[in-house]
Every structure is written in C-alpha cells, then in structure tokens.
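# Structural overview for review
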Amino acid sequence: MSTKATLNISEIFYSIQGESSFAGWPCAFVRLAGCGHGCRYCDTTYAEEPGTAMTIDEIMHRALAFDAPCVEVTGGEPLLQSGTFGLLSALCDRHPVVLLETGGFLPVDRVDPRVHAIIDIKAPSSGVMEHNCAANFTLALNEPERFEFKIVVASEADYLWAKSYIAGHGILGKCSIIFGPVFGQLEPRLLAEWILRDHLPARMQLQLHKYIWNPDTRGV
Ligand code: SF4
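This structure is a prediction, so every number in the text was calculated from the model and none was measured.

Here the focus is the overall build of the protein. When you go through the protein residue by residue, the secondary structure sums to 6 helices and 9 strands. Relative to the 2.2 N^0.38 estimate, which gives 17 Å for 220 residues, the radius of gyration of the protein is 17 Å and therefore close to what a compact globule would have. Along the first, second and third principal axes, the C-alpha atoms of the protein reach 50 × 40 × 30 Å. For the protein, the share of sequence-separated contacts (at least 6 apart) that also reach a separation of at least 24 residues comes to 71%.

Below, the structure is given as structure tokens:
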C-alpha cells in the first residue's frame, strides 16, 4: 500500500489508554471516521460526522510526533476503510507497539500480525449482538497473544449472556477477556461481584479516561 493512500480521519490525539490491557499507558490515538454499527451505548457517535481525508504519511507524521509508548488505531470502525490495513503495517514498521480497537463485526484476518487487536464482543444491550464475527475467535485461539476481547455490559443479563457466549466459543480461559460496565448505567461494584462470584478467568476494567476527564470530553 502506498503511503499516499488516504483515509477519512475523525481525530488524532494523545491521551491515556483507557480500556484494554494497555490501560494507563500514554498513547497516540488515530480515530477513523465512520462506523454505522449503531451500538446503543456508543460514546463516539461524533465519529460518524464527516472526517478529514489524510494520507498515511500525514497520519504517521501526526501520530508519531507524540512520541508515545503505544499507538492505537480506533474508530468509528477502522476496518471499514481498506486503507487501514496499510496504515497499521506502516505504523508497525516505525513503532514497536501498535494497537487496533475494532467493534468486532468484521474479520481481523488481514490485519498485520505485529498489531495487537482489541476486539469488542457486543452483548444484548448493545442491540447488535448478532453481528459479532465468530471467525475472529478461531483466529485468536490459534494466536492468543495477538488478541484480546472486550465486553461492555449494562446488566447482569448481559454479563450472563457474555459468560455463556465466550464459553460456547471456547475462548473463556484461553484468550484474554476484559469486562467493563457501561459508564453511568451499571455500578462497577456489581460487575466486580459477579466476576468474583463466578471465579471468572477474566479481567475487569473501568474506562479510565472517563474518570480522569469529564466523560463527555472529546479527544481524550
Ligand atoms: S462499533 Fe464502536 S464506534 Fe461503532 S457504534 Fe459501536 S461502539 Fe460506536
């Protein structure tokens, strides 16, 4: 892929990585515009607004200038744009820690293997659970170190559904699984108690950036 290829960018910013096993690290974020998935609790709906066309060269220049210990490509849904695959590879050529955050409804098999992919599993309250891409589970079981799955839950019904779903797909106990509560909808203590009660081999996280800054702040 030519680094002159363009992608539609919502924003490029520098913040604290807030929701993955990399949470807490300073991170340069490249947010791609466009998703259309329509999750009910989406907190980046502004990524649906028209973005700015930028070449991979321009994106790399902006993102790498932050000199952050990790770089994350997110959205919106980054895998909707074909140029994302080239961007990820170009970033991997220049940076040792490149993350991808994806909504989990598209396959990640074409993603550069040097990328660490954080893949959502959508629970029932998202309204889009039937779109989870099961092919990604097979890929992750073969190379678990390259992937982690993030499940945002709004209720105990969501949690129980997710527990059964990841067990059914064989990834519970085999792949890295991170549960988090929908901010402002589910009390974190309840999710912690369910995970402890069930001795679930999964991590719990809070969206760190929403506790550091106002939860409606963009670009953090
Ligand atoms: S996949 Fe992500 S960006 Fe797209 S609607 Fe769902 S939460 Fe929002």
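Alright, that's what it looks like, and here's the rest.
A few words now on helix H1 (residues 56-64). Every buried residue belonging to H1 is among Ile56, Ile59, Met60, Ala63 and Leu64, and all of these are buried. Projected down its long axis, H1 carries its buried residues within an arc of 110°, all on one side. Buried positions along H1 lie against strand E1 (6-16), strand E2 (26-32), strand E3 (52-55), strand E4 (70-74) and helix H2 (83-94).

Our focus in this paragraph is the nonpolar core. If you look at the biggest cluster of nonpolar residues, it comprises 51 residues, and the most contacted ones within it are Val30, Leu87, Phe149 and Phe179. Sorting elements by how many residues they give to this core places H2 first, with 6 residues. Those residues in contact with Leu87 that lie beyond four places of it in its chain are Leu7, Val30, Ile56, Ile59, Met60 and Val73. In terms of nonpolar packing, the next biggest core, distinct from the first, is built from 7 residues, Phe22, Cys70, Leu99 and Ile118 among them.

What follows is about the site of the ligand. Around the ligand sit Cys35, His37, Gly38, Cys39, Cys42, Thr44, Gly76, Gly103 and Lys122, and that is every residue in its neighbourhood. Class assignment of the residues belonging to the shell around the ligand gives a composition of 3 nonpolar, 5 polar and 1 charged.

Glancing now at the sheet that holds strand E6 (residues 116-122). A sheet is described by the order of its strands in space; here 9 strands give the open sequence E3-E1-E2-E4-E5-E6-E7-E8-E9, paired in mixed fashion. For this open sheet the edge positions go to E3 and strand E9 (203-204), each flanked by a neighbour on one side alone. With 4 bridges joining them, E1 and E3 adopt antiparallel strand pairing. The residue bridging Leu7 from the neighbouring strand is Met54, located in E3.

This paragraph deals with the pairing of E6. Looking along a regular strand, one sees the side chains alternate between the two faces of the sheet. With 7 of its 7 residues buried, E6 lies for the most part within the structure. A two-sided burial pattern is seen for E6, the buried positions comprising His116, Ile118, Asp120 and Lys122 on one face and Ala117, Ile119 and Ile121 on the other. Summarising the sheet, E6 and strand E7 (residues 147-153) pair through 6 bridges and their orientation is parallel. Counterpart to Lys122 in the pairing with E7 is Val152. What joins E6 to E7 is helix H3 (residues 135-142), and the crossover it makes is right-handed.

Conventions we followed
- Residues numbered from 1 in each chain as written.
- Predicted model: local features only at pLDDT ≥ 70, side-chain atom pairs only at ≥ 80, totals over all residues.
- Heavy atoms only, no water.
- Helix = DSSP H or I, 4+ residues; strand = E, 2+ residues; numbered from the N terminus.
- Rg over C-alpha atoms; globule rule 2.2 N^0.38 Å.
- Contact = heavy atoms within 4.5 Å.
- Buried < 20%, exposed > 50% of the residue type's maximum accessible area, 1.4 Å probe, protein only.
- Arc of directions from axis to C-beta.
- Core = buried A, V, L, I, M, F, W, Y, C linked by side-chain atoms within 4.5 Å.
- Near = heavy atom within 4 Å.
- Nonpolar A, V, L, I, M, F, W, Y, C, P; charged D, E, K, R; others polar.
- Pairing = 2+ DSSP bridges.
- Right-handed = clockwise from strand over helix to strand, strands pointing away.

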